[in-house]
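# Observations on chain architecture
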Amino acid sequence: MGTPRILQREVGVGGLMAQPGPVVAAGTGPVRAYLDHAATTPMHPLAVEAMLPYLAGVFGNPSGGHLESRRARRAVDDARQHVATSFGADLGDVVFTSGGTESDNLAVVGGWEARVGRALPGHRPPALVCAAMEHHAVLATCRALARRTGAELREIGTGEDGLIDLDALADACTPDVGLVSVMAVNNEIGTVQPLDAVSAVVRAGAPDALLHTDAVQAVPWLETAPLTARADLVSISAHKFGGPKGVGALVVAPGVGVRPLFHGGGQERERRSGTHNVPGIVALSAALAVAESSRPATVARVSALRDRLGDGILGSVPGTVETGGREHRVAGSLHLRFTGVEAEALVILLDRAGLSVSAGAACSSGAVEVSHVLTSMGLPADEAAGGIRMSLGATTSDDEVDLALAVVPGAVGQLRD
Amino acid sequence: MRVLVAMSGGVDSSVAAALLADRFGPDCVEGATLKLWGGDSDSGCCSVADVDDARRVADQLGLVHHVFNFAAVFEERVVSPYVRGHAEGRTPNPCVECNRHLKFDRLLERATDLGFDAVATGHHARRAEGPDGRLRLCRGVDPDKDQSYVLAMLGQGQLARTLFPVGEMTKAEVRADAARRGLRTAHKPDSQDVCFIRSDEGRSGFLGARLPLHPGRLVDHRTGEDLGAVEAVELVTVGQRRGMGHSGDGRRRFVTAVDVRSRRVAIGPPEAAWTPAVELHTVTWVDTDPTAAGGPRRGRPGVGLTAQCSAHGRPAPAVVRRSRQGLTVTFESPQRRVAPGQTVALYHPLHPDEVVGSGIAR
């Protein structure tokens, strides 16, 4: 297969420096295209730069009274202020966590537990409602909580368009519901969920319920303040938008209580104990700043690349089906199914040809699982095993799309022979 | 030559991978661990800990490592038939069926799709090419660890794309080689029993969770006289001695037949547990069918072979003839009854290491 060489080029805010990651200068090594930005995306150089002083220089523990502590505390609170402003929230509404999974767990368990206190003695614990397409960080948490407490869990299916079934959601949202979780953007198929309508349905049918949204996939592509306007709890994760791994946040609406998952020093206003990840928090804020300021340009550029990639593959590979409608999708997302081809094998062939993509969900052993997102849309297991997610990011180049367009037809053809 | 080595996370397949990397170079060898079982297991080839072991060994050897999720095929081709077999009074061998349908079918197919020329496993067996260019399947050199029995269903097409790198080594040599290379699996205990059944639940716990178990009656194999009760007929196997008690004269009693439908288990004295012959279906041959044209037909004298009726059973000389629905294996001297569903491996009478074919007891 002829693979075009990719040249190093300038990107990023102000053309600061070439991005690290997938792009390799001509003749210096293997040429690759990285189209798995929904799994993780390289750190933005400004975020790297922002965190460096806090690794060794400003090393203090923010929970203390001396100079070193005050400096660290200042950095954390500057970051907190910035995140709060971006989400249209206040300083005290931002809880820093270890990432998206912790934020989701804190929202679901901590939010639900805060609601349990309101139930009358002898009554069933409040019910849980979540989309069946939720990331496992929400889905497995809801299931575990339901199993542990006897609370009823109602999982809401997905339409063919990749959007939550609003009629089913309305049926499920009854006054006994304590918490509803509907993601902002699906991590596999990239569909933007109708949070406006979701919020209206929840408030009308389940007035006592907290509404949580897992916005982990949303930050690079969507305005963040509208999320907070509709949901009581919003989860984000830094490494999905150019920050480091291992840090995230839960934005909590004023007046909403969440019970802590971790007990200890009482940091984050008793909601999340544990010494702050100061460099991570600083870098999260820096990456968020870059993502926000470059968002309109990135969305325009990347959606054009995505459309060229999607249209190119649909045009050159017969028997290709695009999952969900493109109009409901974030700019970086493309989800394709190749009839008669197993995604598990295709990912390996594409990897060999220099293209990194993902086959839906992977379990802890690394095996590809049948996608619960696709089965929630009513697809049979053999089709749900054939999905390939190609996710573009802020650093994706024309050349990477060219490489993908060059290698996909051959790899699919090899598996169909 | 590009080889995909199936790495269970055990010492044999670790060393197999190392030997292949030595021989073909790490760029031409990749490892794959099969995720076969979604449920709990403690000795299986599919736990996350075993995948970690396989991956770390591959890392050390410089091999790319994959995990293939074959859980759906495994359920359909191995676990379900195992459960169904017991429901119908048979005792299938899941390792044989896993090799038949997973490792030497689904995995071979996947390997071919990915451009590999062969699949290698850590089985203790040998593949040899005869002077005629035909491939032979032989016992591993370590008689205690020989696994040719569970591979006896392989044919030329599969053997042409299969390698058994540790078949020439004893288990002690394999472990010593792993230790010399510093592989983390060097001292890992051998896996035992059926990989998808946890030792704390056992066969009865596993089957009990998936099958309605029915109490039954023990009856005399000749007179039909009622001799007592049995807790679950589905858990009784032909040839079984445990739990069958003693006859009036103090001799042990053995199961001679299980009829799940009437919930009757026939038992008898030791001599009743012996049989002169066994009928096989699903017959396979490593090379040409020795009972076919040129060989004996029905009514003619059969072919003399050696039959091994369990994984570590003693090979018994027998005469093999075609029958209407498969093969009749007539032992030279009576053998323990073979439970329906069990595999019988057939070996060459003059070259006792060489597998000739296989079948499943009716």
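If you're wondering where the values come from, they're calculated on a predicted model, not measured in any experiment.

### Some thoughts on the packing of helix 3 (residues 71-87) of chain B against helix 4 (residues 94-113) of chain B
Residues and elements named next belong to chain B. Orientation of helix 3 relative to helix 4, taken along the N-to-C sense of each, is 165 degrees, at an axis distance of 9 Å. In terms of their interaxial angle, helix 3 and helix 4 are classed as roughly antiparallel. You can see that helix 3 and helix 4 cross each other, and the crossing is right-handed. Two secondary-structure elements touch here, helix 3 through Val73, Phe74, Arg77, Val78, Pro81 and Tyr82 and helix 4 through Pro94, Glu97, Cys98, His101, Leu102 and Arg106. A per-class count over the contact of helix 3 with helix 4 returns 8 nonpolar, 1 polar and 3 charged.

### Notes on the interface of chain A and chain B
Listed per partner, the contact involves 12 residues of chain A and 11 residues of chain B. Ranked by residues supplied to the side of chain A that touches chain B, first place goes to helix 10 (residues 343-352) of chain A with 4 residues.

### A closer look at the sheet that holds strand 9 (residues 320-322) of chain A
Strand pairing in a sheet is mediated by backbone hydrogen bonds. Such pairs are either parallel or antiparallel. All names here are of chain A. Read from one edge to the other, the open sheet built from 3 strands follows the order 9-10-12, with strand pairing classed as antiparallel. The strands lining the two open edges of the sheet, one partner per strand, are strand 9 and strand 12 (387-391). Mean inter-strand twist for the sheet, computed between neighbouring axes without regard to direction, equals 30 degrees.

### Side note on the domain arrangement of chain A
All names here are of chain A. Looking at chain A, the domain boundaries give domain 1 (13-43 + 295-416) and domain 2 (47-289). Just the C-alpha atoms count here: the centres of domain 1 and domain 2 sit 27 Å apart. Between domain 1 and domain 2, the residue contacts involve 25 residues of the former and 27 residues of the latter. Elements with a contribution of two residues or more to the side of domain 1 that touches domain 2: helix 9 (278-316), strand 10 (333-338) and helix 11 (372-376). Sort the elements by how many residues they give to the side of domain 1 that touches domain 2 and helix 11 lands first, with 3 residues.

### A short note on the nonpolar core
One finds Leu346(A), Ala404(A) and Ala17(B) to be the most contacted residues of the largest nonpolar core, which totals 230 residues. With 15 residues, the single largest contributor to this core is helix 9 of chain A. Discounting residues that sit within four places of it in the chain, Ala404(A) has contacts with Ala33(A), Leu35(A), Leu309(A), Leu355(A) and Met390(A).

### Side note on the confidence of the model for chain A
Residues with a pLDDT of 70 or more make up 90% of chain A, whose mean pLDDT is 91. In this model, residues 1-30 of chain A is a region of pLDDT below 50 whose contacts with residues beyond four sequence positions or in other chains number 63 contacts.

### Structural notes on the sheet that holds strand 11 (residues 264-268) of chain B
Residue and element names in this part refer to chain B. Across the sheet, which stays open at both edges, the 4 strands sit in the order 9-8-11-10 with mixed pairing between neighbours. Whereas interior strands pair on both sides, the edge strands pair on one side only; in this sheet they are strand 9 (226-230) and strand 10 (254-259). Each neighbouring strand pair of the sheet contributes to a mean axis angle of 30 degrees, computed without reference to strand direction. Bridge count for strand 10 against strand 11 is 5 bridges, and the pairing is antiparallel.

### Details of the domain arrangement of chain B
Domains assigned within chain B are domain 1 (3-181), domain 2 (214-268) and domain 3 (275-361). Along the lines of polarity and charge, the residues of the side of domain 1 of chain B that touches domain 2 of chain B split into 1 nonpolar, 3 polar and 1 charged.

Cut-offs used in this document
- Residues numbered from 1 in each chain as written.
- Chains lettered and ligands numbered in written order.
- Predicted model: local features only at pLDDT ≥ 70, side-chain atom pairs only at ≥ 80, totals over all residues.
- Axes fitted to C-alpha atoms, helices over the stretch in contact; angles between N-to-C directions.
- Helix = DSSP H or I, 4+ residues; strand = E, 2+ residues; numbered from the N terminus.
- Parallel < 35°, antiparallel > 145°, perpendicular 65-115°, else oblique.
- Left-handed = near helix turned anticlockwise from the far one by under 90°.
- Contact = placed C-beta atoms within 7 Å.
- Nonpolar A, V, L, I, M, F, W, Y, C, P; charged D, E, K, R; others polar.
- Pairing = 2+ DSSP bridges.
- Domains from an automatic or database assignment.
- Core = buried A, V, L, I, M, F, W, Y, C linked by C-beta atoms within 7 Å.
- Buried ≥ 20, exposed ≤ 12 C-beta atoms within 10 Å, placed from the backbone.
- pLDDT = per-residue confidence, 0-100.

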